[in-house]
Amino acid sequence: MNAMTGDKGVMLTDAQKKSRRRRSLAIALVLAFLCVLFYVVTIVKLGPGVMKKTALPEITVIV
Amino acid sequence: MSLISEERTVRAESLQGFAGVEDYWALLKPRVMSLVVFTALVGIVRAPGEIHPVLGFVALFCIAIGAGAAGALNMWWDADIDARMERTRGRPIPAGRIEAGEAMVFGLILSGASVLMLGLLVGWLAGALLAFTIFFYAVIYSMWLKRLTPQNIVIGGAAGALPPVIGWAAVTGNVAIEPLLLFALIFIWTPPHFWALALLKKRDYERAGIPMLPNVAGDGETRRQILLYSLVLAPAGVAPFALGMTGPLYGAAAIALGALFLGFAWQVYRRREGETAERAAKHLFAFSVLYLFLLFAVLLAEGMAR
């Protein structure tokens, strides 16, 4: 199960490579989940009023 | 051996414990986490007012991650103890699959992220309570009390009792009597629950040098304390009903389950020798889990039916 060393640097065993791949995949899934979560929470927090145009305040010009 | 190959050897050795995803998951103590999520959910559902389902989910998610982070920090700190105990020997750090420092960083990052997320997205009172819970479990309980006093789990139980209060605070932005009663319920439930286990795992705790009550004060005193706490727990379980905060279903369940709890505690107190004593402790431990689960399940059902 130990990694091997050689001229090419650290050589991982197949089990270690598989383990690293699974960890990378897990990190990717967590990041994707967080992206979706933050997007949805942003929409929820903005609320339905975000689509309404607010009227500009009237400006009275005194000449 | 040249310097470069020496360095490579060191790097290779450090890769011996190449952990899998399941090891990081185990660091989060998923079984404890599930109980925390469940009790926090009850706090959210019982709270007056409304929370958007997405924000409710975020609150639960953050509480779960915060609880997991506290678990990882506990495993980092207690790695030496875990290695000496049969029950915990297979955990990722003592088994050599994850390095202790790695678990610490993992726990710290998750702690910070969960508190920040809960504070920014849901509310700062809930975020602050979660931060306090993590601090209490990792520092007050794990680092300080656990190896110091047989009252470790009595005081440390506060960390496990806070999730319904956090859930409530996530919805209302404040804390009221009802979540404090739920806090008290879990807080009083913790000692008889853990001491029943401590009676069964006395040798394990002795080997690890943890001053659990049976190791310090003896089995007899532990049985007496279990009975005393159970005598307080039964009425504490009924209190939310008695104060008019719950429906009759909860009241009936709390009375029946409290009486059963007392019955099991009485058996532990009475049966002191041999296999029957061990069986009584096992029964109390198993029933204590069921007791808390059923009471909170009824609270959840009543809250959802409102």
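Peer 1: Quick rundown of the nonpolar core? Include the residues and the values.
Peer 2: Within soluble globular proteins, side chains that are nonpolar generally end up buried alongside one another. Residue and element names in this part refer to chain B. Core analysis: the biggest nonpolar cluster contains 84 residues, and Leu-118, Leu-185, Tyr-291, Leu-295 and Phe-296 have the highest contact counts within it. For this core, the element with the highest residue contribution is helix α15 (residues 274-305), accounting for eleven residues. Those residues in contact with Leu-295 that sit more than four places away from it in its chain are Leu-185, Tyr-250, Ala-253, Ala-254 and Leu-257. Counting nine residues, the second-largest nonpolar core is a separate cluster that includes Ala-19, Met-75, Ala-79 and Ala-103.

Peer 1: Describe the packing of aromatic side chains, and please don't skip the residues or the numbers.
Peer 2: Where two aromatic rings form a pair, the distance of their centres and the angle of their planes describe that pair. Residue and element names in this part refer to chain B. Under the criterion given, the structure shown has 15 aromatic pairs over all chains. Summarising the aromatic geometry, the rings of Tyr-137 and Tyr-141 are spaced 5.5 Å apart at their centres and angled 20 degrees between planes, so their arrangement reads as stacked. Residue Tyr-137 and its partner Tyr-141 are both found in helix α7 (residues 124-145); the two are separated by four residues, about one turn of the helix. Given a relative accessible area of 11%, Tyr-141 falls into the buried group. Clustering of aromatic rings is evident, with ring pairs tying together Phe-261, Phe-264, Phe-287 and Tyr-291. Lying over the aromatic face of Tyr-269, Arg-272 brings its terminal NZ or CZ to 4.7 Å of the ring centre.

Peer 1: An account of the state of the cysteines is needed here, citing residue identities and associated values.
Peer 2: Applying the stated rule across the entire model yields zero disulfides over all chains. Left unpaired, A:Cys35 is separated from the closest cysteine sulfur, that of B:Cys62, by 15 Å. Since its relative accessible area comes to 56%, A:Cys35 is described here as exposed. Take B:Cys62: its relative accessible area is 1%, and that puts it in the buried class.

Peer 1: Tell me what's going on with the packing of helix α14 (residues 248-270) of chain B against α15(B), and back it up with residues and numbers.
Peer 2: All names here are of chain B. At a minimum axis separation of 9 Å, α14 and α15 run at an interaxial angle of 170 degrees. Here α14 is positioned roughly antiparallel relative to α15, judged by the angle of their axes. Tallied by class, residues from the contact of α14 with α15 come to 20 nonpolar, four polar and one charged.

Peer 1: Describe the confidence of the model for chain A, with residues and values.
Peer 2: When the pLDDT values of chain A are averaged, the result is 82; 76% of them are 70 or greater. Per-element mean pLDDT across chain A ranges from 59 in strand β1 (residues 4-6) of chain A up to 93 in helix α1 (residues 14-46) of chain A.

Peer 1: Outline the side chain of B:Lys29, supporting the account with residue identities and numerical values.
Peer 2: Residue and element names in this part refer to chain B. Within the secondary structure, Lys-29 is located in the loop between α2 (21-27) and α3 (30-46). It is Asp-78 that comes nearest to the buried, bridge-free Lys-29 among opposite-charge side chains, at 6.4 Å. What Lys-29 contacts, discounting residues up to four positions off in sequence, is Gly-71, Asn-74, Met-75, Arg-91 and Tyr-137.

Peer 1: Tell me about a positive patch on the surface, residues and numbers included.
Peer 2: A grouping of A:Lys17, A:Lys18, A:Arg20 and A:Arg21 is seen on the molecular surface, where their side chains present a positively charged patch. With respect to the element layout, A:Arg21 can be found in helix α1.

Peer 1: An account of the environment of A:Val61 is requested, with residue identities and associated values reported.
Peer 2: Residues and elements named next belong to chain A. Position of Val-61 among the secondary structure elements: in the segment after α1. When its relative accessible area of 66% is taken as the criterion, Val-61 is described as exposed. Distance from Val-61 to Phe-38, taken between C-alpha atoms, is 44 Å for residues 23 residues apart in sequence.

Peer 1: Got a sec to walk through the packing of helix α13 (residues 219-242) of chain B against α14(B)? Specific residues and values, please.
Peer 2: Residues and elements named next belong to chain B. Packing of α13 against α14 brings their axes to within 8 Å, and their N-to-C directions diverge by 175 degrees. Relative to α14, the element α13 is oriented roughly antiparallel. Contacts from Arg-223, Arg-224, Ile-226, Leu-227, Ser-230, Leu-231, Leu-233, Ala-234, Gly-237, Val-238, Pro-240 and Phe-241 in α13 reach Pro-248, Tyr-250, Gly-251, Ala-254, Ile-255, Gly-258, Phe-261, Leu-262, Ala-265, Trp-266, Val-268 and Tyr-269 in α14. Looking at the contact of α13 with α14 residue by residue, the classes come out as 18 nonpolar, four polar and two charged.

Conventions used here
- All residue numbers refer to position in the chain's written sequence, counted from 1.
- Written order decides the labels, with chains lettered from A and ligands numbered from 1.
- A pLDDT threshold of at least 70 governs which residues receive local features in this predicted model, and a stricter bar of 80 or more applies before side-chain atom pairs are shown or counted, although totals over entire chains, interfaces and linings include all residues.
- Hydrogen atoms and water are omitted, and side-chain values are computed over all heavy atoms in the structure.
- Think of a nonpolar core as a cluster: buried Ala, Val, Leu, Ile, Met, Phe, Trp, Tyr and Cys residues, connected wherever their side-chain atoms sit within 4.5 Å.
- A simple rule labels every residue: compare its accessible area, found with a 1.4 Å probe on the protein chains alone, to the largest value its type can have, and call it buried under 20%, exposed over 50%, or partly exposed in between.
- Helix and strand definitions here come from DSSP, where helices need a minimum of 4 consecutive H or I residues and strands a minimum of 2 consecutive E residues; each element is numbered from the N-terminal end.
- The contact criterion used is simple: two residues touch if any of their non-hydrogen atoms lie within 4.5 Å.
- Aromatic rings from Phe, Tyr and Trp, taking only the six-membered ring of Trp, are treated as a pair when their centres fall within 6.5 Å; an angle between ring planes under 30 degrees marks them as stacked, one over 60 as edge-to-face, and anything in between as tilted.
- In this scheme, Lys NZ or Arg CZ marks a charge over a ring once it lies within 6 Å of the ring centre and within 35 degrees of the ring normal.
- By disulfide we mean two sulfur atoms from cysteines, separated by a distance within 2.5 Å.
- Only the stretch in contact is used when a helix axis is fitted, and all axes are lines through C-alpha atoms; the angle between N-to-C directions ranges over 0 to 180 degrees.
- Angles are sorted into four bins: roughly parallel if under 35 degrees, roughly antiparallel if over 145, roughly perpendicular if 65 to 115, and oblique for all others.
- Three categories are distinguished: nonpolar for Ala, Val, Leu, Ile, Met, Phe, Trp, Tyr, Cys and Pro, charged for Asp, Glu, Lys and Arg, and polar for the others, with Gly belonging to the last.
- Per residue, pLDDT captures the predictor's confidence, and it can take any value from 0 to 100.
- By the counting scheme adopted, Arg and Lys are positive, Glu and Asp are negative, and His together with the chain ends is not counted.
- Only one rule defines a salt bridge in this text: a Lys or Arg side-chain nitrogen within 4 Å of an Asp or Glu carboxyl oxygen.
- Patches in this entry comprise residues that are over 30% relatively accessible and not in a salt bridge; like charges within 9 Å are linked, as are nonpolar side chains (Val, Leu, Ile, Met, Phe, Trp, Tyr) within 5 Å.
- Here the Shrake-Rupley method, with its probe set to 1.4 Å, supplies the accessible areas, and only the displayed protein chains count as covering residues.
- For charged residues, the charge sits on one atom: NZ in Lys, CZ in Arg, CG in Asp, CD in Glu.

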